[in-house]
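Results of the structural survey
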Amino acid sequence: MSALASAQAQSAPAEDDPPLRTGLRGNYPAAVADFDLIRQGKYAQSPVSDTDIKEEYDLVIVGGGISGLSAAYLYRAALGAGPKILILDNHDDFGGHAKRNEFHYQGKTFIGFGGTMGISTPYPYSYCAKSLIRDLGVEVERNPQFINHDLERKYELAAGTFFDKEHFGEDRLVKGNQRLPQFFAKAPLSDAARKDLVRLHGKNPDYMPGTSTQEKRAALAKMSYQDYLLNFAKMSPDALPFFMGAGGRNNKRVDTTPALEAAEHGLVGFNGLNLDLEQEFNEGSYLFHFPDGNASIARLLVGKLIPAALPGKQSMETIGAARVAYDKLDDPNSKTRIRLSSPVVRVEHEGALDRAQRVNIAYRNGGKTCGVRSRYCILACNNALIPGLMPGIPAHQKEALAYPVKVPLVYTNVLLKKWTAFQKLGVSRISAPCMYYPNTFLDPGSTVGGYAGLTTPEEPIIFHMTANPNKPGLPRKEQNRHGQHELLSTSFEQFELKIRQQLARMLGSGGFDPAKDIAAITVN
Ligand SMILES: Cc1cc2nc3c(=O)[nH]c(=O)nc-3n(C[C@H](O)[C@H](O)[C@H](O)COP(=O)(O)OP(=O)(O)OC[C@H]3O[C@@H](n4cnc5c(N)ncnc54)[C@H](O)[C@@H]3O)c2cc1C
């Protein structure tokens, strides 16, 4: 029996394990409730005084994502297990974007990734990152052993595209390879759009003649994929809706993805430009992933930092099934502690910056403001928040930290009670260019550690859906800000409605009934 199968047979997870919580996860409202106050300067004066500070550490790390956890690991690797380390995170689970989603249903555990999914081969990574992955015992080159192709092969499923009535005149699911002219023959499109889409999906001429590769790359980096398609590839605007949900890896918006990223991601329209893409990061290498994505990396790190939280010898084969003892994360007897649900609101040097020997850190926990003192502090949290945490940092640092604006991104996992509709329609993944979730797929997960997420069509399975809310027409960063705001102000009920409606429309002709076929939803 595999590690996971035996764990499933023996122990049901504790009901209050954070990965099992459904509904709104990711940046759920309580986790980020203090962030606006930090930005507004509520904590410009430190809210804790000397007498409030009861604990002292050698190192405090703000943020328990992969960066914060690996910072603790590397600090200990350099200085030994002696130093006292505290990691503070605003979420009720560690891992940051590397978030594990779990469903326990009908006696079986289903594992999904609620955020960062894949580890690429070590090639683009630094020596430090490669060493860390090796220390954790993760062998990314074993990836081919763990990819399960049975979903498509055994059940003869293919990709599908859902054309919606609002943008294409009718709801229609078209099965098949978008690279083939036959696909477009079946799609509800105008003649002009069809002709251009067939052209773009074939061998393209050089749409930027008379410029060097370097000039092309520089120009593509500064324009959106949409502008490239319309202004250089001279695509009819009629065809634009087909590309609405197309972009790079994590930004699937044609109007905000830089054209160069789209080209590197292998999107259509660029194959006549001779861009030397082979030298770029190889997307094909981006395949190794645990069923819970990089949450397994976070869990392996926690096992190294706090062995009592993940007892036994953990490896890439066992970590998926292992249960975290959350009550051991913040154990006073442990040299390294992780304190969850603890947003840091202020970080301040004790005394003048050039002479300070200590840092005071104020954080919120259970409705109270608390303080800790530390020799060192690492900010492994959101960059954009740092000027609020440390208002005294120089203006040029504030400016640099404010420069990037995160692309808003939702990963939703839906546990379906059965997937007979997919089998009937012959699809395993559906792109729906103009719907809220343009990218959706059945996710049986990889089989690392013997995980068996692939089921028969009459059994439950995870369906993964991704979205990048934005506001077409605004400049790119404004769109991202707008999308972030929209995400943070959308309730779970609103998400649920969108999910149910989209699934009903895409899969209704296969007999899918959202009222009967959905078991649980987690929105990250
Ligand atoms: C949906 C999604 C998918 C992704 N997919 C991939 C992928 O497949 N592969 C990949 O390599 N990368 C992926 N990424 C990028 C991912 O962000 C990074 O790989 C990595 O996980 C980031 O780790 P981090 O620790 O730097 O940041 P984070 O994961 O963001 O961790 C920072 C932590 O600090 C916490 N924090 C912030 N402010 C405070 C505060 N004031 N007090 C206390 N805690 C605070 C945050 O809430 C968070 O928990 C993805 C990102 C997202 C959002």
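Below, the structure is looked at part by part. (Residues numbered from 1 in each chain as written. Predicted model: local features only at pLDDT ≥ 70, side-chain atom pairs only at ≥ 80, totals over all residues. Heavy atoms only, no water.)

Oppositely charged side chains may form a pair once their charged atoms are brought near each other. Evaluation of the coordinates by the stated rule reveals 32 salt bridges. When the shortest N-O distance is used, the salt bridge between Asp 36 and Arg 39 registers 2.9 Å. Of the two residues, Asp 36 and Arg 39 are both situated in helix H3 (residues 35-39); the distance of three residues between them amounts to about one turn of the helix. Take Asp 36: its relative accessible area is 44%, and that puts it in the partly exposed class. Take Arg 39: its relative accessible area is 52%, and that puts it in the exposed class. Salt-bridge contacts for Arg 500 lead to Glu 496; the nearest nitrogen and oxygen are separated by 3.1 Å. (Salt bridge = Lys/Arg side-chain N within 4 Å of Asp/Glu carboxyl O. Helix = DSSP H or I, 4+ residues; strand = E, 2+ residues; numbered from the N terminus. Buried < 20%, exposed > 50% of the residue type's maximum accessible area, 1.4 Å probe, protein only.)

Moving on, we get to the packing of helix H4 (residues 66-79) against helix H14 (residues 295-305). For the pair H4 and H14, the least separation of the axes is 10 Å and the interaxial angle reads 35°. In this structure, the crossing between H4 and H14 has a hand that is left-handed. From H4, Ile 66, Leu 69, Ser 70, Ala 72, Tyr 73 and Arg 76 reach across to H14, where they touch Ile 297, Ala 298, Leu 301, Val 302, Lys 304 and Leu 305. When the residues that make up the contact of H4 with H14 are grouped by side-chain class, the tally is nine nonpolar, one polar and two charged. (Axes fitted to C-alpha atoms, helices over the stretch in contact; angles between N-to-C directions. Left-handed = near helix turned anticlockwise from the far one by under 90°. Contact = heavy atoms within 4.5 Å. Nonpolar A, V, L, I, M, F, W, Y, C, P; charged D, E, K, R; others polar.)

The mixed open sheet is built from six strands, whose spatial order is S8-S3-S2-S11-S10-S9. If you trace the sheet from one side to the other, it starts and ends with strand S8 (336-339) and strand S9 (344-349), each paired once. When strand polarity is set aside, the average angle formed by the axes of neighbouring strands in this sheet is 40°. Strand direction decides the pairing type here: strand S2 (residues 53-62) and strand S11 (residues 368-379), joined by eight bridges, are parallel. Its bridge partner lying in S11, Ile 53 is registered against Gly 371. Each of S2, strand S3 (85-88), S8 and S11 is contacted by H4, which is oriented at about 175° to S3, the strand it contacts most. (Pairing = 2+ DSSP bridges.)

The next subject is the pairing of strand S5 (residues 108-113). Buried residues dominate S5, accounting for five of its six residues. Note: strand S4 (residues 100-105) against S5, six bridges, orientation antiparallel. Residue pairing for S5: Asn 101 is matched across the bridge by Gly 112. Here S4 folds back onto S5, and the loop between the two strands holds two residues, one of which, Gln 106, carries a positive phi near 50°.

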